[in-house]
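Report on the structure
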Amino acid sequence: MTNSTNGYVPMFILEGVAKAYPGALALAPISLKVEAGERVAVLGPSGSGKTTLLHLMGGVVQPDQGSILISGLPLTGLGPGRELASLVGVIHQQFDLVPHLSVLHNVLAGRLGQWSTLRSLFSLAIPRERHLAVDALEKVGIAHKLYEKTSRLSGGEQQRVAMARLLVQAPRAILADEPVASLDPARAEDLVRLLAEIARESGKTLVASLHSVQLARTYFSRAIGLRNGELQFDRPVGEVTDKMLERLYDLRGLKGEA
Amino acid sequence: MSMETNPMGAPGRTVSTRGVPIARHRIGVAGLSLIAFALLAAASWGFILLGGDSGFQELFSHETWANAGSFIGELAGKGSGERAAFLQPGKWAHAGKLAYETLAMSVLAIGFAGVGALLTFLPAARNVAVGELAPARRGLPTWKALYFVVRIIFTFTRGIPELILAMIIIFFLSPGILPGALALGLHNYGILGKLSAEVVENLDTHPARALRASGAGSFQMLAYAIMPQVLPQFITYLLYRWEVVIRTTIVVGFVSAGGLGRDFRLSMSFFHYTDVALLLIWYILLVIGIDLLCAWLRRLVRT
Amino acid sequence: MKHDKHPTLRARVSSRTLQAAVSWKAFGNLLESRGLLTILLMGALAWSLSAIDWGGPLAHAGGGASALQFFSALLSLDLSPSFLQVALKASWYTVAYAVAGITLAVALGLPLGIIASGALARSRKVRWPVVFGTRAFLAFVRSIHELVWAWLFVAAIGLSPMAAILALAIPYGGILGRIYSEILNDVPEGPLRSLRASGASEWKVFLYGRLVMALPDMLSYTFYRFECAIRAAAIMSFVGIAGLGYQIQLSLDDLLYGQVWTLLFFLVALVLMVDIWSGLVRRRMVP
């Protein structure tokens, strides 16, 4: 299997992928293809399987059925590690940064896959490749927070640090699991716009699960609707009608609702 | 556009390429402390090793290892044959009785410490003495004075090691369990008192203040809002200190002549090493037993 | 939610105190088991009181007079320059031994603690014997008081400063090792997962994530142990090596209570200084 250039090999190919957790089917068999450079929004009510789908695509969990190919490579062959990290990067709702470290170090952590152990240790004392971090932080707009302790930043700023780390890690695809769910609407839009811009500028594939349909319509090109673990629709964003959305989010018939 | 003072890539760029100033990285208190401690460590080790007579060289000499070896051998019974202490049931029973005394000493000590701390920790909390939880009516100066007095007592009693306290107490009390228990109790009283006062100081005071606002008096506020939050933590500390005390009772017993410590000292001075070994076995059993007991009790309080 | 398994750290405990404080549920359950617990505690106290031999004289004949003499000497501290010099010198010896002991203890406790936490062991087969063995070793070593270790060391290899330092470092190493392993285990998983997803190997996840997040609490506890080490070093000097304990014994033997009080003040001052220093560092390190 060769890694041909991005334009020719789809970034993600999922075939008949399903995942079950004890007592519940989280994701019914799903097949989809995401081309390199696409910006896809995943919509759906809570518990519909959005997180599971993203975790599967990011290699965080293994599917019970079906196969996943990332840039032509089978996912099962790639354990967590350098190679997977160079293909896919994930950001979560919980930013999951190390609170005690400075922003600089948290961002540089994106390079840990490339650094030797000795260099990693050394960098904690005297940061290496600092310019990478500064450039990344400039792109997300918080370069001036370089030496601040991460825990002192606001929620929105911390999410940007997570994005900067992702930039340093430089994967081919970005998966974002409810990245802005804990932010207020204005900051949320800011961040989604930033995310979409970064993806567009660097030609990265972006798949993000969102609550806000309006954000999806504005910044993404394609929308996938999940409900009760099943694929409801998979359309270019312009073709998604209000009726489809109504059916997607309808409380009646939702798992877990009376 | 950039107003850089350093070329790109050089360490310590103070301004980003888009002209946004970056805060300078400073060595904080933690960094300074690290350096200070490193210096202290170097000075200490230097002083010890270079001061001659430190015993460092001897550590690695043949003679030392031989001595150590024969000591351990004697502990294990070499050379005593049938007179070895752990082969005599009578001695086991005797040591068991001493272990019982030691246990009693530790409980007594913790009892003194606990009761004492419970009675006096409140005025030692800043927010109770002069802060938001302070009683409104009483004269402020007396409470402030009380705060300092109690805090000083805590500092003194926890600063002086138990053994020294025991040595002082043995001056006016006859040898037995009591002086040892008093010494341990006093020392741990200071520790528990300080820890409990800190718990109160770190409390979320909203429930207490709300209670006072709805008309509760000081004592009621104490009972309903403060104590319920403090007690679980207090008990956890108490149990932890008990674990420490049981280890220290043997030591205090050297001086106060009670429990396992008394016989330990005697046996050591007569070079009856197998007796020492027997006492150590009981000691370790006691320590492990209390450790397990405390772990269980802690789970009881937690759930 | 993990419960603190070793409630010794003040900083660590404060945040957990806040958690426990607002949980009225904890108190509710305490009420139910409180009755039982109170009875147990009262019973234990009563039993221990009964173990004292109340028959014989509790105090020495003339014990009361001695006590009075001792406490009144508080008003006549020996502050003469020559004695102050003695006290200062003894204090330095005590500090030096304490520092030497605690540094050695950290050198022992840190690697053992990392191993005992099981954070690095990957294969199950290697893990259990090694981790369990280390934990058992640490438990044994710290169950014996440092003074008992000192007695044993002196009996084994004779009297010397190194004997005292080792006697201090070994049990303290055991204590530090156990606490370190608990702190390393209590670290939140989120940032670790995220680091792993960025492509870092297990070692780097450990360094950048687990160790970094555990460091403040580890440092805080080490400082506390340092404070204990000062007290322990003072006592060890009773065995005959230089230090505050030795001087206290000399003065006590000569019944020079004023000198004893001076030395006690020095001891308390040392302990207080370390306490304040540790407070300063701890405050800056909490995220």
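Residues numbered from 1 in each chain as written. Chains lettered and ligands numbered in written order. Predicted model: local features only at pLDDT ≥ 70, side-chain atom pairs only at ≥ 80, totals over all residues.

In this section: the overall build of chain C. Scanning chain C from terminus to terminus reveals 11 helices and zero strands. Listed N to C, the secondary structure of chain C is α-α-α-α-α-α-α-α-α-α-α in terms of helices and strands. Counting only residues that meet the buried cut, chain C has 49% of its 287 residues in that class. Counting only contacts in chain C whose residues sit at least 6 apart along the sequence, the fraction spanning at least 24 positions is 72%. (Helix = DSSP H or I, 4+ residues; strand = E, 2+ residues; numbered from the N terminus. Buried ≥ 20, exposed ≤ 12 C-beta atoms within 10 Å, placed from the backbone. Contact = placed C-beta atoms within 7 Å.)

Now for the packing of helix 3 (residues 62-76) of chain B against helix 6 (residues 146-157) of chain C. Close contact between helix 3 of chain B and helix 6 of chain C brings their axes to 7 Å; oriented N to C, the two are set at 120°. One finds that helix 3 of chain B runs oblique with respect to helix 6 of chain C. On helix 6 of chain C, the residues touching Thr64, Asn67, Ala68 and Phe71 of chain B of helix 3 of chain B are Ala155, Ala156 and Ile157 of chain C. In terms of residue class, the contact of helix 3 of chain B with helix 6 of chain C is built from five nonpolar, two polar and no charged. (Axes fitted to C-alpha atoms, helices over the stretch in contact; angles between N-to-C directions. Parallel < 35°, antiparallel > 145°, perpendicular 65-115°, else oblique. Nonpolar A, V, L, I, M, F, W, Y, C, P; charged D, E, K, R; others polar.)

Moving on, we come to the interface of chain A and chain C. Contacts between the two partners involve 24 residues from chain A, matched on the other side by 19 residues from chain C. For the side of chain A that touches chain C, the secondary-structure elements that each account for two or more residues are helix 2 (82-87), helix 4 (117-125) and helix 6 (155-169) of chain A. By residue class, the composition of the side of chain A that touches chain C is 10 nonpolar, 10 polar and four charged.

With that out of the way, let us pick up the sheet that holds strand 10 (residues 230-236) of chain A. Residues and elements named next belong to chain A. Sheet architecture is open: six strands sit in the order 6-7-8-3-9-10, paired in mixed fashion. The open sheet has two edge strands, strand 6 (88-91) and strand 10, and neither has a second partner. With direction set aside, neighbouring strand axes in the sheet form an average angle of 15°. The pairing of strand 7 (residues 173-177) with strand 8 (residues 205-209) spans five bridges and is classified as parallel. Counted as the bridge partner of Ala173 is Thr205 from strand 8. Sheet strands in contact with helix 1 (residues 50-57) are strand 3 (39-43), strand 7, strand 8 and strand 9 (222-227), and its direction is about 150° off that of strand 8. (Pairing = 2+ DSSP bridges.)

On to the environment of Gly73 of chain B, then. Residue and element names in this part refer to chain B. Looking at the element boundaries, Gly73 is found in helix 3. Assessed through the 12 C-beta atoms surrounding it within 10 Å, Gly73 is described here as exposed. Residues Gly73 and Val251, 178 residues apart in the sequence, show an inter-C-alpha distance of 24 Å.

All names here are of chain B. Mapping Val244 onto the fold places it in helix 10 (residues 218-256). On the neighbour-count criterion, Val244 (20 C-beta atoms within 10 Å) is buried. Considering only alpha carbons, one finds Val244 and Asn188, 56 residues apart in sequence, at a separation of 9.6 Å.

Summary statistics for chain A give a mean pLDDT of 86 and a share of 96% for residues scoring 70 or more. Taken together, the stretch residues 1-6 of chain A has pLDDT below 50 and engages in eight contacts with residues farther than four places along the chain or on a different chain. (pLDDT = per-residue confidence, 0-100.)

What follows deals with the sheet that holds strand 4 (residues 65-70) of chain A. Residue and element names in this part refer to chain A. Ordered in space as 2-1-4-5, the four strands form an open sheet in which the pairing is antiparallel. The sheet is open, and its two borders are formed by strand 2 (24-34) and strand 5 (73-74), each paired with just one other strand. Relative to strand 2, strand 1 (residues 12-21) is paired through seven bridges, and the arrangement is antiparallel. Paired with Lys19 across the bridge in strand 2 is Leu27.

Residue and element names in this part refer to chain A. Here helix 6 spans 21 Å end to end across 15 residues, near enough to the 21 Å set by a 1.5 Å rise per residue. With 12 of its 15 residues buried, helix 6 lies for the most part within the structure. All buried positions along helix 6 are accounted for by Gln158, Gln159, Arg160, Val161, Ala162, Met163, Ala164, Arg165, Leu166, Leu167, Val168 and Gln169. Check the buried side of helix 6 and you find it contacts helix 2, strand 6, helix 3 (103-108), helix 5 (130-140), strand 7 and helix 7 (185-202). In the stretch just after helix 6, Ala170 is the one whose phi turns positive, near 55°. (Expected span 1.5 Å × (residues − 1).)

Residue Asn228 of chain A is not a glycine yet carries a positive backbone phi of 55°. If you trace the backbone, Asn228 of chain A turns up in the loop between strand 9 and strand 10. Of note, the phi angle at Leu255 of chain C is positive, near 60°, even though the residue is not glycine. With respect to the helices, strands and loops of the structure, Leu255 of chain C is situated in the loop between helix 10 (244-253) and helix 11 (257-285).

With that out of the way, let us pick up the packing of helix 9 (residues 206-213) of chain B against helix 10 of chain B. All names here are of chain B. Where helix 9 meets helix 10, the closest approach of the two axes is 9 Å, and the angle between their N-to-C directions is 150°. When the axes of helix 9 and helix 10 are compared, the pair comes out roughly antiparallel. Considering how the two elements wind past one another, helix 9 and helix 10 form a crossing that is right-handed. Where helix 9 approaches helix 10, its residues Pro207, Ala208, Leu211 and Arg212 are matched on the opposing element by Met221, Tyr224, Ala225 and Ile226. (Left-handed = near helix turned anticlockwise from the far one by under 90°.)

Structurally, the position occupied by Trp242 of chain B is in helix 10. Separated by 48 residues in sequence, Trp242 of chain B and Ile290 of chain B place their C-alpha atoms 8.0 Å apart.

In this structure, Val107 and Leu137 of chain A together with Ala164, Ala167, Leu168, Ile230 and Met236 of chain C are the most contacted members of the largest nonpolar core, which totals 238 residues. Looking at which element gives the most residues to this core, the answer is helix 10 of chain B, with 19 residues. Ignoring anything within four residues of it in the chain, the contact list for Ala164 of chain C reads Tyr97, Ala150, Met236, Val239 and Ile241 of chain C. (Core = buried A, V, L, I, M, F, W, Y, C linked by C-beta atoms within 7 Å.)

Quick look at the confidence of the model for chain C now. Residue and element names in this part refer to chain C. With 81% of its residues at a pLDDT of at least 70, chain C reaches an overall mean of 81. Per-residue pLDDT, averaged within each element of chain C, yields its smallest value for helix 1 (residues 10-21) (49) and its largest for helix 4 (residues 81-117) (93). For the stretch residues 1-13, pLDDT sits under 50, and the model shows 24 contacts to residues farther than four places along the chain or on other chains. Below pLDDT 50 for its whole length, residues 20-24 participates in seven contacts with residues either more than four positions away or in separate chains. Under the prediction, the complex receives an ipTM of 0.78, its pTM being 0.78.

So, about the pairing of strand 9 of chain A. Residues and elements named next belong to chain A. Burial runs high along strand 9: six of the six residues are buried. In strand 9, alternate side chains face the same way, and those of Arg222, Ile224 and Leu226 on one face and Ala223, Gly225 and Arg227 on the other are all buried. In terms of strand pairing, strand 3 meets strand 9 through four bridges, oriented parallel. When the bridges of strand 9 are listed, Leu43 appears paired with Gly225. For strand 9 and strand 10, the ladder comprises six bridges, and the chain directions are antiparallel. Directly across from Ala223, in strand 10, lies its bridge partner Arg235. Hairpin connection of strand 9 to strand 10: two residues between the antiparallel strands, including Asn228 at a positive phi of 55°.

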